[in-house]
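# Analysis of the macromolecular model
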Amino acid sequence: MTSPFDPADVTWSRVSTRLTAARLIPATITFAFPIVAGSVLAMTVSPWFWLLAGAFVLLLVWTAIVVPRQVRAIGYAEREDDLLIRKGILFRSLTVVPYGRMQYVDVEAGPLDRRLGLAKVQLHTASVGTDAQIPGLPPEEAARLRDRLASRGEARLAGL
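Here's what I pulled together on the structure shown here. (Residues numbered from 1 in each chain as written. Predicted model: local features only at pLDDT ≥ 70, side-chain atom pairs only at ≥ 80, totals over all residues. Heavy atoms only, no water.)

## Considerations on the packing of helix α1 (residues 18–44) against helix α2 (residues 49–73)
The interhelical angle for the contact between α1 and α2, taken along N-to-C directions, is 170 degrees, at an axis separation of 7 Å. Classified by the angle their axes make, α1 and α2 are roughly antiparallel. For the contact of α1 with α2, the per-class residue count stands at 21 nonpolar, 6 polar and 1 charged. (Axes fitted to C-alpha atoms, helices over the stretch in contact; angles between N-to-C directions. Helix = DSSP H or I, 4+ residues; strand = E, 2+ residues; numbered from the N terminus. Parallel < 35°, antiparallel > 145°, perpendicular 65-115°, else oblique. Nonpolar A, V, L, I, M, F, W, Y, C, P; charged D, E, K, R; others polar.)

## Comments concerning the packing of aromatic side chains
Two numbers describe a pair of aromatic rings. These are the distance of the centres and the angle of the planes. Taken as a whole and judged by the stated rule, the model has 1 aromatic pair. Look at phenylalanine 31 and phenylalanine 56: their rings are 6.1 Å apart centre to centre, the planes differ by 50 degrees, and that puts the pair in the tilted class. Remark: phenylalanine 56 occurs in helix α2 and phenylalanine 31 occurs in helix α1; sequence separation between them is 25 residues. Judged by relative accessible area, phenylalanine 31 falls into the buried class, the value being 15%. (Phe/Tyr/Trp six-rings, centres within 6.5 Å; stacked < 30°, edge-to-face > 60°. Buried < 20%, exposed > 50% of the residue type's maximum accessible area, 1.4 Å probe, protein only.)

## Some words on a nonpolar patch on the surface
Together, Val36, Val40, Met43 and Trp50 give the surface a local cluster of nonpolar side chains, amounting to about 420 Å² of exposed area. A total of 3 residues in the nonpolar patch trace back to one element, the largest contributor, which is α1. (Patch = residues over 30% accessible without salt bridge, like charges linked within 9 Å, V, L, I, M, F, W, Y side chains within 5 Å. Areas by Shrake-Rupley, 256 points an atom, 1.4 Å probe, with all protein chains shown as cover. Salt bridge = Lys/Arg side-chain N within 4 Å of Asp/Glu carboxyl O.)

## Side note on the pattern of salt bridges
Note that side chains of opposite charge can pair when their charged atoms are close. What the rule picks out here adds up to 6 salt bridges. A salt bridge links arginine 148 to glutamate 78, with the shortest nitrogen-to-oxygen separation between them at 2.6 Å. On the criterion of sequence distance, the pair formed by arginine 148 in helix α4 (residues 139–157) and glutamate 78 in strand β2 (residues 75–78) is long-range, its members being 70 residues apart. Across the salt bridge formed by glutamate 108 and lysine 120, the nearest N and O atoms sit 3.3 Å from each other. Of this pair, glutamate 108 sits in strand β5 (residues 102–108) while lysine 120 sits in strand β6 (residues 119–125), and the two are 12 residues apart along the sequence. Exposure remark for glutamate 108: the relative accessible area of 33% places this residue in the partly exposed category.

What follows is the structure, encoded as structure tokens:
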């Protein structure tokens, strides 16, 4: 029996493993402040603040375990008539975007993404609820995918 999240006739492309660092760096910065604050308060005010620092250390460790698995779960596949995007470990998701429904395709990269050599392809369709984005692509692959998806979308809209 095949899974609805893993069609049999599809070859999945994976995102870059550098996406793991792009997600862990902000998490580390976010958790660093309460860890440092809890440690300072534990040394100066009360030892009970070690619990605060320890809780955030555990959250950081959990994030460091989960994020690499989440990144490995992200994939995309180009088929003849549509693009498939899958993500998630516990809560899995498979998004199917027909090329004829695409209005435009964005390529985005923030400062950290550019530093790590990553980009995100964002697909815009007529449906507001479509969460069609592929993070963690090398810029060259993102540009290739953007051009390919745009040309396929135009061909489907023209009825070719």
